Amino acid sequence: MAEQDQTTAAPAVKIKKYANRRLYNTATSSYVTLENLCQMVKDGQDFVVEDAKTGDDITRSVLTQIIFEEESKGQNLLPIGFLRRLITFYGDSLQTLVPSYLDVSMASFQRNQEQMRQYMAEAFGEMFPFRNIEEMGRQNMAMFQRAMTMFNPFMANLADSSVEKPAAGGGEQPAEVDTLKSQLDELRKQVEALARNKG
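The numbers attached to residues start from 1 for each chain and follow its sequence in the written order. Where local features are concerned, this predicted model is filtered to residues with pLDDT of at least 70; where side-chain atom pairs are given and counted, the filter is 80 or more; whole-chain, interface and lining totals use all residues. Hydrogens and water are ignored here; the side-chain numbers use all heavy atoms of the structure.

Chemist: Could you clarify how one ought to interpret the overall build of the protein in this entry?
Modeler: Secondary structure counts use DSSP, requiring at least four H or I residues in a row for a helix and at least two E residues in a row for a strand, with both numbered from the N terminus. A tally of regular secondary structure across the protein gives 7 helices and 4 strands. Each helix (α) and strand (β) of the protein, taken in turn from the N terminus, gives the series β-β-β-α-β-α-α-α-α-α-α. Note on classification: 1.4 Å probe, protein chains only; a residue is buried when its accessible area is under 20% of the maximum for its type, exposed when over 50%, partly exposed between these limits. Residues counted as buried form 16% of the 199 residues belonging to the protein. Whether two residues are in contact is decided by their heavy atoms, any of which lying within 4.5 Å being enough. Considering only residue pairs separated by 6 or more positions, the protein has 47% of its internal contacts joining residues 24 or more positions apart. Here the accessible surface of atoms and residues is derived via Shrake-Rupley with a 1.4 Å probe, and residues count as covered only by protein chains that are part of the display. When the accessible surface of the protein is totalled, it reaches about 15600 Å², and 56% of it is carbon and sulfur.

Dropping the structure here:
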């Protein structure tokens, strides 16, 4: 949830869950779905969910259900390895420390998300100017095919006519090959630097 100024933060909206599993937003006097609650979280709206019959706070289980629904749609944020490790802490002596550790870690990640987006844009902006995934995929495939054509003489006949072929019998590599090697080396350095920073 987005962080809010404690002096101006609005009180949490109360959501009641009935026995028929329907969720009722007491602030808007209307029934809502898990998808609506998911959007409220993204919008930074705080809420608590209570069992309509017992009054018990069941916010945690409802938020967990939202995560389950999102994961089932294919929006996988939780790696299998992470889930396995998390399960091993249930009943462990360190169990009480895990929630606060995860909470602090995610809060730190959220505070720095804009800087991370900017870093990613700067790291790959010049090499991959297209923000559209399809365009990026086409550009990568074109670079791969171009490299294969120049480094594999058996694919030379499949090259586009615009690609300059190596001179027959020439012992020296064309300047285009040197340029491509330089670009690939620069890409390798950037990926290695990114990996070090993430570690």
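Now, onward.
Chemist: Sorry if this is basic, but what is going on with the packing of aromatic side chains here?
Modeler: Aromatic ring pairs are described here by two measures, namely the spacing of the ring centres and the angle between the planes. Whether two aromatic rings pair depends on their centres lying within 6.5 Å, for rings of Phe, Tyr and Trp, where Trp uses its six-membered ring; planes under 30 degrees apart make the pair stacked, over 60 edge-to-face, and the rest tilted. Tallying each qualifying case throughout the model produces 1 aromatic pair. On the basis of an interplanar angle of 70° and a centroid distance of 5.2 Å, the ring pair of Tyr24 and Tyr31 is categorised as edge-to-face. The class for Tyr24 is partly exposed, based on a relative accessible area of 23%. Cation placement over rings: the criterion is NZ of Lys or CZ of Arg within 6 Å of the ring centroid and within 35° of the ring normal. Arg22 extends its terminal NZ or CZ atom over the ring of Tyr31, reaching a point 3.8 Å from the ring centre.

Chemist: Would you take a moment to explain the packing of helix H1 (residues 34-42) against helix H2 (residues 59-72) for this structure?
Modeler: Two quantities define a packed helix pair, namely the angle between the axes and the distance from one axis to the other. The contact between H1 and H2 brings their axes to 10 Å, and the two run at 100°. Here H1 is positioned roughly perpendicular relative to H2, judged by the angle of their axes. Residue-level inspection shows Leu34, Leu37, Cys38 and Val41 of H1 in contact with H2, the latter providing Val62, Leu63, Gln65, Ile66, Glu69 and Glu70. A per-class count over the contact of H1 with H2 returns 7 nonpolar, 1 polar and 2 charged. Only C-alpha atoms enter the line fits that serve as axes; for helices the fit covers just the stretch in contact. Angles between N-to-C directions range over 0 to 180 degrees. Oblique is the label for any angle not covered by the other classes, which are roughly parallel (under 35 degrees), roughly antiparallel (over 145) and roughly perpendicular (65 to 115). Under the scheme applied here, ten amino acids are nonpolar (Ala, Val, Leu, Ile, Met, Phe, Trp, Tyr, Cys and Pro), four are charged (Asp, Glu, Lys and Arg), and all others, including Gly, are polar.

Chemist: Quick question: what am I supposed to make of unusual backbone geometry here?
Modeler: Note: most peptide bonds trans; most residues except glycine with negative phi. Despite not being glycine, Arg21 shows a phi value in the positive range, around 75°. If you trace the backbone, Arg21 turns up in the loop between strand S1 (13-17) and strand S2 (23-25). Arg21 sits in the exposed class, given a relative accessible area of 70%.

Chemist: Can you help me understand the pattern of salt bridges in this one?
Modeler: A carboxyl oxygen of Asp or Glu within 4 Å of a side-chain nitrogen of Lys or Arg is what we treat as a salt bridge. Evaluation of the coordinates by the stated rule reveals 1 salt bridge. As a salt-bridge pair, Lys73 and Glu70 come within 3.4 Å of each other at their nearest N and O atoms.

Chemist: When you look at the nonpolar core in this model, what are you seeing that I'm missing?
Modeler: Side chains that are nonpolar tend, in soluble globular proteins, to be buried together. For this analysis, a nonpolar core means a set of buried residues of the types Ala, Val, Leu, Ile, Met, Phe, Trp, Tyr and Cys, connected via side-chain atoms within 4.5 Å. Judged by nonpolar contacts, the single largest core of 13 residues is most densely connected at Ile15, Leu23, Leu34, Leu37, Phe47, Val49 and Val62. If you list the elements that add at least two residues to this core, you get S1, H1, strand S4 (47-51) and H2. For this core, the leading source of residues is H1, giving 4 residues. Leaving out residues up to four positions away in the same chain, Val49 has contacts with Ile15, Lys17, Leu23, Asp56, Asp57, Ile58, Thr59 and Val62.

Chemist: Looking at this model, I keep getting lost on the side chain of Asn25. Mind explaining?
Modeler: Looking at the element boundaries, Asn25 is found in strand S2. A 3.5 Å cut-off defines polar contacts: any pair of N or O atoms within that distance qualifies, except that in protein one atom must be a possible hydrogen donor and the other a possible acceptor, and neighbouring residues in sequence count only when both atoms are side-chain atoms. At a separation of 2.8 Å, a polar atom in the side chain of Asn25 contacts the main-chain amide nitrogen of Ala27. Once residues within four sequence positions are removed from consideration, Asn25 is found in contact with Val13, Lys14, Ile15, Ser30, Val32 and Met40.

Chemist: How should I be thinking about the sheet that holds S4 in this particular structure?
Modeler: In any sheet, the strands associate via hydrogen bonds between backbone groups, in a parallel or an antiparallel arrangement. Only when DSSP finds a minimum of two bridges between them are two strands counted as paired. Taken together, the 4 strands give an open sheet; going across it, the order is S3-S2-S1-S4, and neighbouring strands pair in mixed fashion. The open sheet has two free edges, formed respectively by strand S3 (30-32) and S4, since each of these has just one partner strand. For this sheet, the mean angle separating the axes of adjacent strands, direction not counted, is 35°. The pairing of S1 with S2 spans 3 bridges and is antiparallel. Bridging across to S2, Lys16 finds its partner in Tyr24. Here H2 sits on the sheet and contacts S1 and S4; the angle it forms with S4, its principal contact strand, is near 110°.

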